[in-house]
Amino acid sequence: MSADPSAQPAGELVVVTGMTGAGRSTAAKELEDLGFYVVDNLPPSLLPDVVRLVDESQGRSQRIAVVVDVRSGSFFQGLRAALAHGVTGRDTTLVFLDATDDVLVRRQEAVRRPHPLQEGGRLLDGLVRERVVLGDLRADADLVIDTSNLNVHQLTDRIAEAFGTPETTRLRVTTISFGFKYGIPADADYVADMRFLPNPHWVPELRAHTGRDLDVSDYVLGRPGAAEFLDQFVPLLAGVAEGYLREGKRFMRVAIGCTGGKHRSVAMSEEIARRMQELGYVARALHRDLGRE
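Note that the structure is a prediction, hence the values are computed from the model and not measured. (Residues numbered from 1 in each chain as written. Predicted model: local features only at pLDDT ≥ 70, side-chain atom pairs only at ≥ 80, totals over all residues. Heavy atoms only, no water.)

Got a minute to help me understand the UniProt feature "binding site: ATP" (unreviewed entry) in the protein chain in this structure?
In the numbering adopted here, UniProt assigns the feature "binding site: ATP" (unreviewed entry) to G18, M19, T20, G21, A22, G23, R24 and S25. For A22, the position within the fold is in the loop between β1 (13-18) and α1 (24-33). Residue contacts for A22: discarding those within four places in its chain leaves L97, D98, A99, L104, R107, T147 and L155. Along the chain, S25 turns up in helix α1. Residue classification places S25 among the exposed positions, given a relative accessible area of 56%. (UniProt positions renumbered as here; feature names shortened; annotations may be inferred. Helix = DSSP H or I, 4+ residues; strand = E, 2+ residues; numbered from the N terminus. Contact = heavy atoms within 4.5 Å. Buried < 20%, exposed > 50% of the residue type's maximum accessible area, 1.4 Å probe, protein only.)

Just to check I follow, could you spell out the nonpolar core for this structure?
What tends to happen in soluble globular proteins is that the nonpolar side chains get buried as a cluster. Residues V14, V16, L31, L97, I159 and F163 are the most contacted members of the largest nonpolar core, which totals 41 residues. For this core, the elements supplying multiple residues, two or more each, are β1, α1, α2 (47-58), β3 (64-67), β4 (92-98), α4 (101-111), α5 (123-140) and α6 (152-163). Ignoring any residue separated from it by four or fewer positions in sequence, one finds F163 in contact with E12, V14, L31, L34, F36, R63, T93, V95 and L143. (Core = buried A, V, L, I, M, F, W, Y, C linked by side-chain atoms within 4.5 Å.)

I'm lost on the environment of V144 in this one. Help?
By the secondary structure assignment, V144 is in strand β5 (residues 143-146). Given the relative accessible area of 32%, V144 is considered partly exposed. Taking the C-alpha atoms as reference points, V144 and V95, separated by 49 residues in sequence, lie 5.9 Å from one another.

Looking at this structure, how should I read the pattern of salt bridges?
Close approach of charged atoms allows side chains with opposite charge to pair. Within the structure shown, the criterion is met by 17 salt bridges. A salt bridge links K29 to D33; the shortest N-O distance between them is 3.0 Å. Here D33 and K29 lie together in helix α1, a separation of 4 residues that amounts to about one turn. Judged by its relative accessible area of 45%, K29 is partly exposed. (Salt bridge = Lys/Arg side-chain N within 4 Å of Asp/Glu carboxyl O.)

Before we go on, may I ask you to explain the packing of aromatic side chains in this structure?
For any pair of aromatic rings, the description consists of the separation of the ring centres together with the inter-plane angle of the planes. Overall, the coordinates contain 4 aromatic pairs when judged by the stated rule. With a centroid separation of 5.7 Å and an interplanar angle of 50°, the aromatic rings of F196 and F229 are classed as tilted. Residue F196 is found in the loop between β7 (190-193) and α7 (214-221), and its partner F229 is found in helix α8 (residues 226-246); the two are separated by 33 residues along the sequence. Since its relative accessible area comes to 19%, F229 is described here as buried. Through a chain of ring-to-ring contacts, the aromatic side chains of F196, F229 and F233 assemble into a single cluster. (Phe/Tyr/Trp six-rings, centres within 6.5 Å; stacked < 30°, edge-to-face > 60°.)

Spelled out as structure tokens, the structure:
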């Protein structure tokens, strides 16, 4: 008998709001990277409906983040009421992002976008109106983050500190085997060429097998230079990974190539992923061109 979905513990609900230019989009992207189901520019009256739909499609344990901005206008009173009465059935955290007016003006001018409440006046006039509209929500916020002196990476760190878990804040490493004859993966952060190793294709008893088979893997990993490469390359990736984490980047894609993407690159991708797992990273191996020949 399957478990009753309603018996699952409800995941956290995070409501992000704040001043235009204070970093709502950056916060939303970080929450998405942390595993939240994110809905941007949500009319607050629809908040219970979003929670219900996520409960039904993703399960009650799925954490949710919604971003509400000043364009919701009069709906804000409905948001305060909904949060006050706990209509979502979830533990809710209201996050308010703020910054000084001069910083917000500078940011808006940099992206050359008018303020939604500017109404033909100055950008600063729009900010003044926005502060009035959002004043009560700021007072109700569980967490106020002043981003005046924060860069993008520092803001994502603050969000991760507040809402990350050991699982979601670890770096995710994907090793992708590929064949050079089919082209280098365009989204790779790093590319390594395994064509310095002997090709199992020319070993008759290995030709039909792939780098995921033990006989091919043992052959590739046992060739001169393979172990030396791994012993130097994996620590290099680990050092870069720590830098990625410091800069708020939690995904690394490492492309490992050989001629056809069947033997050497597959075996080495699997081994690199295994070693990165041993170092504590969330790692997996994908094989883009396996079976293509």
